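Architecture and fold: a report
Below are the chains, spelled out letter by letter.
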Amino acid sequence: MSEFAVEVKDVWKKFRLYHERNQSLKSAFVRRLTSAHEDFWALQGVSLEVSQGTTHGLIGRNGSGKSTLLKCLAKIYWPTSGDIRYHGSMASLLEVGSGFHLELSGRENIYLNGSILGMSKKVIDKKFDEIVELSGIGRFLDQPVKNYSSGMYVRLGFSIAINVEPDILVVDEVLSVGDIDFQEKSIKKFADFKEQGRTIILVSHSMSLMRELCDRVTWIDSGKVIATGKSPDVIEKYLKAQKLD
């Protein structure tokens, strides 16, 4: 068994940016040209290793590539080249309300989303009260989720995902939508998760949160890894660089 939960090796991710696009085959034929575009490399040779049983943070400015990397880790995007290896089961919470059916109630979506993530009805029954308590949606449990705020969406999605108990959990900015009570309960849940030997990969713009939760941090800028190391050291370098910009 590898000591690493996730291994990212020389990952590149390319997107095609169109400047002028043909709207039909007819226009392409008449104009006798192809769509004008350029290649944009969102990730450029990213390599990192995430040890089992640790919380690993990804930090960087908006547009730095960290969310693209997170989506590659979550198998939403596939790298243009390079390799990502997992040692254990993986669950992710990246998109607000992903996997929810808008017309169904919160209660119904707990069972629907839980089953999508691999939980049996018996397991969901056992964890149901814990999911509801962590999400804080008790009063609205039987209301359609289309009436939920974005914060309620994310809190419910997070509460379900972390109760799946995967070996690896990939999370993007979940705690930013909650109140103090939700943040404290979530941090406690992260701690329990970690004590069980599970691994968390987290993106957040809150450096205080990253210091509190993360054992190690990777700083990404312009699609490249700038630094990887213990969270206080890398965060200090990152904050100093932001002041100089």
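The text that follows walks through the structure, step by step, so that each part is easy to find. (Residues numbered from 1 in each chain as written. Predicted model: local features only at pLDDT ≥ 70, side-chain atom pairs only at ≥ 80, totals over all residues. Heavy atoms only, no water.)

**With respect to the pattern of salt bridges**
Inspection of the entire model under this criterion finds 12 salt bridges. With its nearest N and O atoms 3.7 Å apart, the salt bridge here joins Asp 39 to Arg 16. Within this pair, whereas Asp 39 is found in strand S2 (residues 36–51), its partner Arg 16 is found in strand S1 (residues 4–20), the two being separated by 23 residues in sequence. Exposure remark for Asp 39: the relative accessible area of 37% places this residue in the partly exposed category. When its relative accessible area of 45% is taken as the criterion, Arg 16 is described as partly exposed. Residues Asp 215 and Lys 194 are paired through a salt bridge, measuring 2.6 Å at the closest nitrogen-oxygen approach. In this pair, Asp 215 sits in the loop between helix H7 (207–213) and strand S8 (216–221) while Lys 194 sits in helix H6 (residues 180–195), placing the two residues 21 residues apart along the sequence. A relative accessible area of 29% means that Lys 194 is categorised as partly exposed. One continuous salt-bridge network, built from bridges that share partners, spans Lys 14, Arg 16 and Asp 39. (Salt bridge = Lys/Arg side-chain N within 4 Å of Asp/Glu carboxyl O. Helix = DSSP H or I, 4+ residues; strand = E, 2+ residues; numbered from the N terminus. Buried < 20%, exposed > 50% of the residue type's maximum accessible area, 1.4 Å probe, protein only.)

**A short note on the nonpolar core**
Counting 27 residues, the largest nonpolar core has Ile 59 and Leu 169 as its most contacted members. For this core, the secondary-structure elements that each account for two or more residues are strand S5 (90–93), helix H5 (150–163), strand S6 (168–172), H6, strand S7 (199–203), H7, S8 and helix H8 (231–244). Once residues within four sequence positions are removed from consideration, Ile 59 is found in contact with Lys 66, Ser 204, Met 207, Met 210, Val 217, Thr 218, Trp 219, Ile 220, Val 234, Ile 235 and Tyr 238. Formed by 21 residues, the second largest nonpolar core is a distinct cluster that contains Val 6, Val 46, Leu 69 and Ile 201. (Core = buried A, V, L, I, M, F, W, Y, C linked by side-chain atoms within 4.5 Å. Contact = heavy atoms within 4.5 Å.)

**Observations regarding the packing of aromatic side chains**
If you walk through the whole model with that rule in mind, you get 6 aromatic pairs. Consider the rings of Phe 100 and Tyr 153, whose centres lie 5.9 Å apart with planes at 55°: the pair is tilted. Of this pair, Phe 100 sits in the loop between S5 and helix H3 (106–116) while Tyr 153 sits in helix H5, and the two are 53 residues apart along the sequence. For the pair shown, Phe 100 and Tyr 153 are each scored as buried. A ring pair is formed by Tyr 111 and Phe 128, whose centres lie 5.7 Å apart and whose planes are at 25°; its orientation type is stacked. Placement of the pair is Tyr 111 in helix H3 and Phe 128 in helix H4 (residues 121–135), with a sequence separation of 17 residues. (Phe/Tyr/Trp six-rings, centres within 6.5 Å; stacked < 30°, edge-to-face > 60°.)

**Quick notes on the pairing of S6**
With 4 of 5 residues buried, S6 is to be regarded as a mostly interior element. The pairing of S5 with S6 spans 4 bridges and is classified as parallel. Looking at the pairing, Met 90 lines up with Ile 168 of S6. Summarising the sheet, S6 and S7 pair through 5 bridges and their orientation is parallel. Opposite Leu 169, over in S7, you have Ile 200 as the bridge partner. (Pairing = 2+ DSSP bridges.)

**Examining the packing of H4 against H5**
Where H4 meets H5, the closest approach of the two axes is 8 Å, and the angle between their N-to-C directions is 140°. Between H4 and H5, the crossing angle belongs to the class labelled oblique. Crossing of H4 over H5 shows right-handed handedness. Two secondary-structure elements touch here, H4 through Lys 127, Glu 130, Ile 131, Leu 134 and Ser 135 and H5 through Arg 155, Leu 156, Phe 158, Ser 159, Ile 160, Ile 162 and Asn 163. Partitioned by chemical class, the residues of the contact of H4 with H5 number 6 nonpolar, 3 polar and 3 charged. (Axes fitted to C-alpha atoms, helices over the stretch in contact; angles between N-to-C directions. Parallel < 35°, antiparallel > 145°, perpendicular 65-115°, else oblique. Left-handed = near helix turned anticlockwise from the far one by under 90°. Nonpolar A, V, L, I, M, F, W, Y, C, P; charged D, E, K, R; others polar.)

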